[in-house]
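Now for the letters of each chain:
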Amino acid sequence: MNATDVTGARTPEAAGVITGARERIDALDDRIIGLIQERAAVSAVIQEARISSGGRRVNLSREMEVLGHYREALGKPGTALAMTLLELCRGRI
Ligand SMILES: O=C(O)C(=O)C[C@]1(C(=O)O)C=C[C@@H](O)C=C1
């Protein structure tokens with residue numbers, strides 16, 4: 001299989017552009033995953049502090065703020081993204 005086949009491009013020039021851009025996307029995805037892991041660790045600190053003080057793991061009013069933040073920045077799909085992030089950070093409710 002040549003570069004044109006794996007990228008879906010029809011010319012070597014387009015295949016070169018796509019291959020380079022995919023490397024940048026892979027690097028960005030690694031950074032995004034790292035940031036999500038960092039967010040989950042910070043979120044765990046908050047949840048542990050609240051639970052050990054006698055509170056509940058989940059704080060729905062704060063979750064509404066987080067959902068609104070993502071929706072304002074990214075539109076409706078931002079809400080879905082934020083819901084997934086919250087699930088990654090505090091588990092399923
Ligand atoms: O901000 C909080 O109070 C958190 O516990 C963090 C967080 C979050 O990951 O954003 C997680 C669980 C809560 O339900 C709300 C928000």
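Conventions used here
Residues numbered from 1 in each chain as written. Predicted model: local features only at pLDDT ≥ 70, side-chain atom pairs only at ≥ 80, totals over all residues. Axes fitted to C-alpha atoms, helices over the stretch in contact; angles between N-to-C directions. Helix = DSSP H or I, 4+ residues; strand = E, 2+ residues; numbered from the N terminus. Parallel < 35°, antiparallel > 145°, perpendicular 65-115°, else oblique. Left-handed = near helix turned anticlockwise from the far one by under 90°. Contact = placed C-beta atoms within 7 Å. Nonpolar A, V, L, I, M, F, W, Y, C, P; charged D, E, K, R; others polar. UniProt positions renumbered as here; feature names shortened; annotations may be inferred. Buried ≥ 20, exposed ≤ 12 C-beta atoms within 10 Å, placed from the backbone. Expected span 1.5 Å × (residues − 1).

Enquirer: Mind showing me how you'd approach the packing of helix α3 (residues 60–74) against helix α4 (residues 76–90) here?
Expert: For any two helices packed against each other, one specifies the inter-axial angle together with the distance between the axes. In contact at an axis separation of 7 Å, α3 and α4 are set at 140 degrees when each is read in the N-to-C sense. As the angle between them shows, α3 and α4 are arranged oblique. Note on packing geometry: the crossing formed by α3 with α4 is right-handed. Touching E63, V66, L67, Y70, R71, A73 and L74 of α3 are K76, P77, G78, T79, L81, A82, M83 and L86, all from α4. Class assignment for the residues of the contact of α3 with α4 results in ten nonpolar, two polar and three charged.

Enquirer: What is the right way to look at the UniProt feature "domain: Chorismate mutase" (unreviewed entry) in the chain in this model?
Expert: On the UniProt side, "domain: Chorismate mutase" (unreviewed entry) is annotated at positions that read residues 12–93 here. Its end C-alpha atoms 49 Å apart, residues 12–93 is made of 87% helix and 0% strand.

Enquirer: In this structure, what is going on with the environment of M83? I would like to understand it.
Expert: Mapped onto the secondary structure, M83 falls in helix α4. Looking at M83, the number of C-beta atoms within 10 Å reads 14, which means it is partly exposed. Separated by 66 residues in sequence, M83 and V17 place their C-alpha atoms 34 Å apart.

Enquirer: What is the right way to look at α3 in this model?
Expert: Helical geometry: 3.6 residues make up each α-helical turn, so side chains three or four residues apart lie on a common side. Along its 15 residues, α3 runs 21 Å from first to last C-alpha, staying within 8% of the 21 Å computed at 1.5 Å per residue. The element α3 is barely covered by neighbouring structure, given that only zero of its 15 residues are classed as buried. G75 sits one or two positions beyond α3 and adopts a positive phi of about 80 degrees.

Enquirer: Just to check I follow, could you spell out the packing of helix α2 (residues 12–52) against α4 for this structure?
Expert: At a closest axis distance of 8 Å, the pairing of α2 and α4 adopts a crossing angle of 60 degrees. With respect to α4, the element α2 is oriented oblique. When you trace α2 past α4, the crossing you get is right-handed. Mapping the contact onto sequence places I36, R39, A40, S43 and Q47 in α2 and L85, L88, C89 and R90 in α4.

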